[in-house]
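# Fold and geometry: a report
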Amino acid sequence: MGFSTARMPRLRTSWERLEESHHWYAIKANSNLKILQHLRKLGCGAVLVSGNELKLALHAGFDLTKCIFNGNGKILEDLVLAAQAGVFVNVDSEFDLENIVTAAKFAGRKVNVLLRINPDVDPQNSKFGIRNEKLQWFLDAVKAHPDELKLVGAHCHLGSTITKVDIFRDAAVLMVNYIDEIRAQGFEVDYLNIGGGLGIDYYHSGAVLPKPRDLIDTVRELVLSRNLNLIIEPGRSLIANICCLVNRVTGVKTNGTKNFIVIDGSMAELIRPSLYDAYQHIELVSPTPPDAEISTFDVVGPVCESADFLGKERQLPTPAKGTGLVVHDAGAYCMSMASTYNLKMRPPEYWVEEDGSVTKIRHGETFEDHIRFFEGL
Ligand SMILES: *Cc1c(COP(=O)(O)O)cnc(C)c1O
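Rules used throughout
- Residues numbered from 1 in each chain as written.
- Predicted model: local features only at pLDDT ≥ 70, side-chain atom pairs only at ≥ 80, totals over all residues.
- Heavy atoms only, no water.
- Helix = DSSP H or I, 4+ residues; strand = E, 2+ residues; numbered from the N terminus.
- Rg over C-alpha atoms; globule rule 2.2 N^0.38 Å.
- Buried < 20%, exposed > 50% of the residue type's maximum accessible area, 1.4 Å probe, protein only.
- Contact = heavy atoms within 4.5 Å.
- UniProt positions renumbered as here; feature names shortened; annotations may be inferred.
- Near = heavy atom within 4 Å.
- Polar contact = N/O pair within 3.5 Å; in protein donor to acceptor, adjacent residues only side chain to side chain.
- Areas by Shrake-Rupley, 256 points an atom, 1.4 Å probe, with all protein chains shown as cover.
- Nonpolar A, V, L, I, M, F, W, Y, C, P; charged D, E, K, R; others polar.
- Core = buried A, V, L, I, M, F, W, Y, C linked by side-chain atoms within 4.5 Å.
- Pairing = 2+ DSSP bridges.

### A look at the overall build of the protein
- Check the secondary structure of the protein and you find 11 helices and 17 strands.
- Here the C-alpha atoms of the protein give a radius of gyration of 23 Å, agreeing with the 21 Å that 2.2 N^0.38 yields for 377 residues.
- The principal-axis extents of the C-alpha atoms in the protein amount to approximately 75 × 55 × 40 Å.
- Per-residue burial for the protein yields a buried fraction of 52% across its 377 residues.
- Partitioning the intrachain contacts of the protein with sequence separation of at least 6 by distance along the chain shows that 68% fall at a separation of at least 24.

### Considering the environment of I194
- Locating I194 in the fold gives a position in the loop between strand 8 (191–193) and helix 8 (212–225).
- Linking I194 and A292, residues 98 residues apart in sequence, is a C-alpha distance of 49 Å.
- Setting aside residues no more than four positions away along its own chain, I194 makes contact with C156, H157, F168, A171, A172, L230, I231 and I232.

### Structural notes on the UniProt feature "domain: Orn/DAP/Arg decarboxylase 2 C-terminal" (unreviewed entry) in the protein
- When the UniProt feature table is mapped onto this chain numbering, "domain: Orn/DAP/Arg decarboxylase 2 C-terminal" (unreviewed entry) sits at residues 241–331.
- A helix fraction of 5% and a strand fraction of 46% characterise residues 241–331, whose end C-alpha atoms lie 6 Å from each other.

### Regarding unusual backbone geometry
- Even without glycine at this site, E313 takes up a positive phi of about 50 degrees.
- Within the fold, E313 resides in strand 14 (residues 309–317).
- Its relative accessible area of 56% is what places E313 among the exposed residues.
- We note that L343 has phi near 50 degrees; this positive angle belongs to a residue other than glycine.
- Along the polypeptide, L343 turns up in the loop between strand 15 (324–327) and strand 16 (349–352).
- Classification of L343 as partly exposed rests on a relative accessible area of 43%.

### Considerations on the site of the ligand
- Close to the ligand lie 14 residues; K28, G197, E233, R236 and Y333 are nearest.
- Residue E233 places a side-chain N or O atom 2.7 Å away from a nitrogen atom belonging to the ligand.
- At a separation of 2.5 Å, an oxygen atom of the ligand approaches a polar side-chain atom of Y333.
- Expressed as a share of its isolated accessible area of 390 Å², the protein-covered part of the ligand is 93%.
- When the residues that make up the shell around the ligand are grouped by side-chain class, the tally is 3 nonpolar, 7 polar and 4 charged.

### Details of the nonpolar core
- In terms of nonpolar packing, the biggest core is built from 77 residues, with Y25, F62, L115 and L151 touching the most fellow members.
- If one sorts the elements of this core by residue count, helix 7 (residues 166–184) sits on top with 8 residues.
- By size, the runner-up hydrophobic cluster in this structure holds 18 residues, among which are L270, V299, L325 and A330.

### Examining the environment of L149
- Its location among the elements puts L149 in strand 7 (residues 149–155).
- In this structure L149 comes out as buried when scored by relative accessible area, which is 5%.
- Considered as a pair, L149 and A57 are 92 residues apart in the sequence and their alpha carbons are 23 Å apart.
- Excluding residues that lie within four positions of it along the chain, L149 makes contacts with L97, I100, V101, K110, V111, V113 and V142.

### Some words on the environment of S160
- Mapping S160 onto the fold places it in the loop between strand 7 and helix 7.
- A relative accessible area of 44% means that S160 is categorised as partly exposed.
- C-alpha separation for the pair S160 and G199, spaced 39 residues apart in sequence, amounts to 6.7 Å.
- In contact with S160, other than residues within four places in its own chain, are G197 and R236.

### A look at the pairing of strand 16
- Alignment of strand 16 against strand 17 (residues 358–362), held across 4 bridges, turns out to be antiparallel. Within the sheet, the bridge partner assigned to Y350 lies in strand 17 and is K360.
- The antiparallel pairing of strand 16 with strand 17 creates a hairpin that spans 5 residues between the two strands, and G356 there sits at a positive phi of about 95 degrees.

See below:
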């Protein structure tokens with residue numbers, strides 16, 4: 001079992017066309033160091049949600065003037081790191097602003113901040129950002145801390161798996177109005193950060209979904225009309241469909257009316273189906289005998305949870321033991337969400353070049369790695 005990256009050429013094209021400086025990659029989607037270095041070389045900045053992600057971005061060599069630290073619960077210790085590193089920081093709430101001020105004092109550095117405004121288009125996202133009726137409070141609070149805070153822009157993030165760019169345009173219209181208001185009070189703000197959240201074609205329906213470039217195109221004129229620098233924060237749309245989880249079939253069984261393909265991969269490596277009931281496309285990859293009977297299967301792992309499935313009610317040829325089975329579109333929020341539940345150690349990751357050559361880009365974890373946590377106790 002293992003994750004393999006960049007298998008499919010269509011993925012690579014989306015990387016080639018990066019309009020680099022605007023793309024700040026959301027590291028939480030997939031934080032493999034080799035992938036980070038690759039995206040950094042293409043010119044991407046980085047979107048960080050923890051102190052460790054900040055350390056990883058430093059390690060991967062990201063330009064710190066193109067990094068932003070986001071989150072509704074940033075802890076003081078991590079904010080101090082962010083202040084010392086000089087990355088942009090989002091202001092998410094009243095207490096968050098207080099903590100950023102404290103961190104700035106501690107680091108002895110003024111922090112460049114963006115106000116994360118909640119444009120209220122997705123109720124799923126309501127724990128993040130500030131509501132517009134509170135905008136004035138935040139502007140006054142920034143004014144009260146001229147030595148600690150410099151307001152440089154406004155940010156919003158609409159949600160995830162968005163398949164149409166219209167709502168980004170609607171949000172951008174709202175956001176530039178906020179920026180007009182903010183500028184009218186004497187702030188020199190230069191950045192509009194419109195967030196991430198573009199979806200991909202998980203269903204392999206052939207739908208042509210907007211790419212980060214299309215998102216930029218939809219808001220380009222508006223952004224130019226206000227002489228702003230645009231930031232977008234794609235995660236999934238840069239990485240999801242260029243990776244897959246490669247599994248082996250352990251066996252096939254039938255319980256009553258239900259048929260199961262049991263594989264070595266599980267919710268431990270890829271939790272999206274269990275967590276969100278998400279669809280991920282599944283295919284057998286070994287040659288199957290032409291007479292293999294096609295049936296409806298649930299594709300499940302060995303983990304002791306009834307939620308441990310990778311796919312439900314899939315029409316597939318009955319596979320022999322040992323057959324290869326691929327779960328597609330596993331590049332985002334799969335390995336980065338993986339656990340070692342049941343002591344299934346996280347699998348290795350591989351990079352596949354255009355010519356088919358394969359390089360390991362992360363070791364598989366071992367039992368020895370696990371037992372090390374207990375050494376000396
Ligand atoms: C998670 C996140 C992103 C990336 O979202 P995708 O759906 O992967 O594009 C961007 N910005 C913020 C603030 C996020 O929390």
